[in-house]
Structures are given as C-alpha cells and as structure tokens.
Amino acid sequence: MLIKSTSRKDIKAFRQLLQYVFQKEKQGPEPQVVLTQNLLGQDISEWQKEFLQNEQKRLSKRRNSIRVFHEIMSFAPEDTPHLSQAIINDLVHQYLERRAPQALALAVIHQDTEHMHVHLLISGITYRSGKSTSISKSDLAGIKKELEELQREKYPMLVHSLALDKVKKKAA
C-alpha cells in the first residue's frame, strides 16, 4: 500500500477535512468509518469539538503548529476484490499503533476512484497530554516498511499494493 502524509496548520483544518472525508460522492453507498481512536463522538460536529478541545492542551503554542495530519493509505485497483472491511481495519489499526497510538484519529474509506483508499485524520498532539505527534521522515519510512512486511505476511493476496517493491524495481 502507498501511504502519503500531509500536515495542516490552520485550526479550521479539522472542520474542512471532516467535511471532505464525509462527502457522500466519495464514499459509495454508505459512509464507512474504519476506525476512531480516542474519540467518543458519533458525528462530524462531535469529532470536531473533540479535536478542538484536545488542541487546547497543546504544550508548545505557536502560530505555525501542525494541527492535524491528513494521511492517505491507498491500495492498487487490482487488489480491491481482496480488500475486506476486516483487512482494512487491521491495516489501519496497525498503522496507527505504530504512527500515533496516543493521538486522536479517524479513518474513513473512499471508493470514488479506481483504487480504494482510506483517509486518516490524526491530531497534531497526543490525547490529553499536548505533546506533538510529529515524526521524522525516516521514522515514517520505517513504519511504512514495517507495515508492508506485515501486509506481505498476513495478506499475501494484496501483491499489487506492495509499494516498496515497486520503488525497488524502479531503482534497479
């Protein structure tokens, strides 16, 4: 799978991203929330409040602080028939355990393109502690590698979504 990470510094990003990931035309017949982490709410307005309340606990208050990470986990179109809700749930859970286990997070499936993908919204700070959830590029690369190894072992049928193999072949 391919994982892309971007960050947003505007406090309005929570609302904007929540509205984007829940657009009906992006999701197919029914919204598919894969996972919520450290969130108690049941809808967009409650989740937005929780993200904003958590943001109040930020220890280092700067104007250009990262408020939310918007990460996308994408799968190859050829692997879509093999992707069950359980597999997606597991891969998202495993990713968040490695990437930001103490953050607020929400994951939503989109099926508006030829490849299924999951949007993850991850708070810029940990839940209730206010510490940053930022990680280095090398740490993120290590997490991607671990997750791809896990995918190869647990879900060998997802052969087309092994992104690191494709990078190695291009370099050769």
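Because the structure is a prediction, the values reported are computed rather than measured.

Participant: Let's hear about the pattern of salt bridges: which residues, and what values?
Facilitator: The final tally for this structure, using the stated rule, is five salt bridges. Glu 55 is the partner of Arg 58 in a salt bridge, and the nearest nitrogen-oxygen pair spans 2.5 Å. Take Arg 58: its relative accessible area is 8%, and that puts it in the buried class. Assessed through its relative accessible area of 6%, Glu 55 is described here as buried. Residues Arg 98 and Glu 146 are paired through a salt bridge, measuring 2.9 Å at the closest nitrogen-oxygen approach. Here Arg 98, found in helix α4 (residues 85–99), pairs with Glu 146, found in helix α5 (residues 137–154); they are 48 residues apart in sequence, far enough to count as distant. The partly exposed category is assigned to Arg 98, whose relative accessible area is 27%. Residue classification places Glu 146 among the partly exposed residues on the basis of a relative accessible area of 40%.

Participant: Which residues make up the nonpolar core, and what are the values?
Facilitator: As a rule of thumb, nonpolar side chains are buried together in soluble globular proteins. Within the largest apolar cluster, 30 residues are counted, with the highest numbers of intra-cluster contacts made by Met 73, Leu 91, Val 92, Tyr 95, Val 118, Leu 120 and Ile 122. Secondary structure elements with two or more residues in this core: β2 (33–37), β3 (68–74), α4, β4 (103–110), β5 (117–126) and α5. A total of six residues in this core trace back to one element, the largest contributor, which is α4. Here Val 92 is in contact with Val 34, Leu 35, Met 73, Ala 107, Val 118 and Leu 120, once residues within four sequence places are set aside. Judged by nonpolar contacts, the second largest core, of 14 residues, contains Phe 51, Leu 104, Val 108 and Leu 121.

Participant: Please give an account of the confidence of the model for the protein chain that cites residues and values.
Facilitator: Of the residues in the protein chain, 91% reach a pLDDT of 70 or more, and the chain-wide mean stands at 89. Below a pLDDT of 50 lies the segment residues 167–172, which in the model reaches zero contacts outside its immediate sequence neighbourhood of four places, other chains included.

Participant: So what's going on with the sheet that holds β5? Which residues, and what values?
Facilitator: Strand order in the open sheet formed by five strands is β1-β3-β5-β4-β2, and the pairing between neighbours is antiparallel. Where the open sheet ends on each side, the last strands, each with one partner, are β1 (2–8) and β2. Strand-to-strand twist across the sheet, computed as the mean angle between neighbouring axes with direction ignored, equals 15 degrees. Where β3 and β5 come together, seven bridges link them in antiparallel fashion. Across the sheet, residue His 70 finds its bridge partner in β5, namely Leu 121. Most of the contacts of helix α1 (residues 13–21) go to β5, to which it runs at about 165 degrees, and overall it touches β1, β3, β4 and β5. Strands in contact with α4 are β1, β2, β3, β4 and β5; relative to β2, the strand with the most contacts, it is inclined by about 30 degrees.

What counts, and at which threshold
- Residues numbered from 1 in each chain as written.
- Predicted model: local features only at pLDDT ≥ 70, side-chain atom pairs only at ≥ 80, totals over all residues.
- Heavy atoms only, no water.
- Salt bridge = Lys/Arg side-chain N within 4 Å of Asp/Glu carboxyl O.
- Buried < 20%, exposed > 50% of the residue type's maximum accessible area, 1.4 Å probe, protein only.
- Helix = DSSP H or I, 4+ residues; strand = E, 2+ residues; numbered from the N terminus.
- Core = buried A, V, L, I, M, F, W, Y, C linked by side-chain atoms within 4.5 Å.
- Contact = heavy atoms within 4.5 Å.
- pLDDT = per-residue confidence, 0-100.
- Pairing = 2+ DSSP bridges.
- Axes fitted to C-alpha atoms, helices over the stretch in contact; angles between N-to-C directions.

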